[in-house]
Amino acid sequence: MKVKILILSFLILSVSCKETEQAVAPNEIQLAWADAEIGVLFHLDMPTFKPDYDFRKWGTHPGTATFNPAELNTDQWLETAQKLGATYAVLVAKHCSGFSLWPTEAHDYSVKNSPWRDGKGDIVADFVASCKKYNIKPGIYASTTANGYLYVDNPGFVQPGSPVTQEEYNRIVVQQLTELWSNYGKLFEIWFDGGVLSKEKGGADVLSLVKKMQPEAIAFQGPYGHPNLIRWVGNEEGVAPYPCWATADSTTNADGTVVIDGLNGNPFAPYWCPGESDFTLRWNRSFQGGWFWTAGQDSMMFPVDELMTKYITSVGRNTNMLLGVVIDDRGLVPDADVKQIELFGNEIRRQYGTPFRQTSGTGTEYLIRFEQPATIDRIVIQEDIAKGERVLEYRVEGKQNGEWTELSSGTNIGHKHIDRFPLRSVSEVRLIVTECKAKPQIRNFAVYEK
């Protein structure tokens with residue numbers, strides 16, 4: 001079918017826009033992170049091998065002989081990520097047990113003293129190599145706030161009876177982060193689960209370290225003062241609040257350990273700090289909240305339609321999507337999970353891979369006209385965020401039998417916003433920006449047929 005598209009871009013008298021350019025905009029690193037959109041987070045730790053382990057029962061940590069994922073293959077992990085359409089991946093290099101997936105020199109509780117590969121393996125090195133092979137950007141999660149082996153609990157304080165003092169633990173933190181951030185090349189993202197205990201409150205000087213060793217890395221809940229911070233959206237269910245502005249007054253308190261009020265952000269705030277929506281493939285009521293594998297739960301996964309809803313409430317609400325993927329006791333993504341991840345990726349591509357028609361431009365109105373009526377049920381809008389988030393309010397209308405009717409409306413657009421609505425057969429669709437901070441720069445306005 002031949003389709004004529006008419007693009008209109010002009011100022012409507014009712015639109016309220018300031019004529020000054022917006023000052024707050026992302027840098028090139030933050031722009032690349034926003035375009036990445038989809039990541040995965042791989043979990044493998046002692047609970048995988050000893051499911052009754054509780055890291056807070058100090059002194060009961062499993063011995064290093066417990067860790068032996070004999071079939072471990074990071075290529076299989078990253079091939080699975082590729083099936084999803086992930087462009088970056090984060091490895092949990094050290095979780096709450098304190099067991100380290102690389103041969104750290106900081107202490108003995110690591111792969112170097114395990115039977116896996118006779119103590120000569122390095123999962124972090126394997127992971128980074130696989131990322132390069134599959135053209136996926138690497139990231140590393142290393143919790144500084146909890147360590148069962150060393151009796152450390154949130155937000156990073158050594159507990160009574162620990163084999164180390166607070167000062168000794170701080171030195172271990174610095175040594176381990178130095179190893180991770182200097183031995184494996186440039187990282188796309190670093191993950192601080194629970195934030196970072198500040199130097200002022202008795203923690204290690206993580207801010208100076210990241211500025212020195214990984215200055216270009218995006219930092220999730222990282223130390224206050226790092227220029228490339230991203231923030232938590234308040235849950236682990238893939239549901240960003242709406243609106244979810246990429247700018248915020250702050251993201252954590254000064255020591256980086258407490259999320260402040262204001263998860264929605266603020267369109268007039270001074271800091272660029274977008275949200276990342278993390279969620280698990282497996283049900284939240286499954287083992288360890290769905291973050292870790294245990295036997296007998298391979299069927300406990302969200303169906304594809306629910307995963308697609310999470311895609312819409314994460315990527316479609318101006319945040320990146322980070323999918324938690326379990327690694328089983330073999331050292332592989334379970335077969336059932338691989339299948340579900342592939343189905344999820346295929347559905348994302350089916351629904352949002354190729355728009356029916358799209359346009360872009362500068363101004364407050366964008367019109368797409370069809371020679372024959374089109375049946376649509378969803379739209380995607382993207383601002384050119386290199387110039388900041390400028391749109392404050394908009395509506396989308398469709399012309400049906402010569403009459404304009406509202407299909408959807410909203411506030412924040414940012415990098416990407418997805419609107420879904422009941423099926424409509426329309427001859428024209430238009431996006432109207434009704435309030436803005438400066439002249440809107442629309443990177444993409446796309447409609448999709450059912």
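Whatever comes next refers back to the structure up there.
What this report covers is the structure whose coordinates are included nearby.

Conventions and cut-offs
Residues numbered from 1 in each chain as written. Predicted model: local features only at pLDDT ≥ 70, side-chain atom pairs only at ≥ 80, totals over all residues. Heavy atoms only, no water. Buried < 20%, exposed > 50% of the residue type's maximum accessible area, 1.4 Å probe, protein only. Helix = DSSP H or I, 4+ residues; strand = E, 2+ residues; numbered from the N terminus. Pairing = 2+ DSSP bridges. Contact = heavy atoms within 4.5 Å. Salt bridge = Lys/Arg side-chain N within 4 Å of Asp/Glu carboxyl O. Axes fitted to C-alpha atoms, helices over the stretch in contact; angles between N-to-C directions.

Take the pairing of strand E16 (residues 391-400) next. Residues in a regular strand project their side chains so that they alternate between the two faces of the sheet. Of all 10 residues in E16, seven are buried; the element is thus mostly enclosed. Pairing between E16 and strand E18 (residues 417-436): eight bridges, direction antiparallel. Along E18, the bridge assignment pairs Tyr394 with Val433. The pairing of E16 with strand E17 (residues 403-410) spans seven bridges and is classified as antiparallel. Bridge pairing links Gly398 to Thr405 in E17.

Restricting attention to buried positions, one finds in helix H6 (residues 304-312) the residues Leu307, Met308, Lys310, Tyr311 and Ile312. If you follow the buried residues of H6, they end up packed against strand E2 (38-43), strand E12 (275-280), strand E13 (320-326), helix H7 (335-352) and E18.

For the structure shown, the criterion picks out 20 salt bridges. Notably, a salt bridge pairs Asp52 with Lys50, separated by 3.4 Å at the nearest N-O pair. The exposure class assigned to Lys50 is partly exposed, which follows from its relative accessible area of 33%. A salt bridge links Lys133 to Asp75; the shortest N-O distance between them is 2.7 Å. Here Asp75 lies in helix H2 (residues 74-84) and Lys133 lies in helix H3 (residues 123-133), a separation of 58 residues in the sequence. On the basis of relative accessible area, Lys133 is assigned to the exposed category, the value being 55%. For Asp75, a relative accessible area of 21% gives the class partly exposed. Put simply, Glu365, Arg395, Glu397 and Arg430 are held in one network by salt bridges that share partners.

Another point: the sheet that holds strand E3 (residues 88-94). In spatial order, the strands read E2-E3-E4-E7-E8-E9-E12-E13; together these eight strands close into a barrel with parallel pairing. Recorded for the sheet is a direction-independent mean angle of 25 degrees between the axes of neighbouring strands. Summarising the sheet, strand E4 (residues 137-142) and strand E7 (residues 189-191) pair through three bridges and their orientation is parallel. Looking at E7, one finds that Ile140 is bridged to Ile190. Packed on one face of the sheet, H3 meets E2, E3 and E4 and runs near 175 degrees to E3. Its contacts with the sheet put H7 on E2, E12 and E13, and the angle it makes with E13 is roughly 160 degrees.

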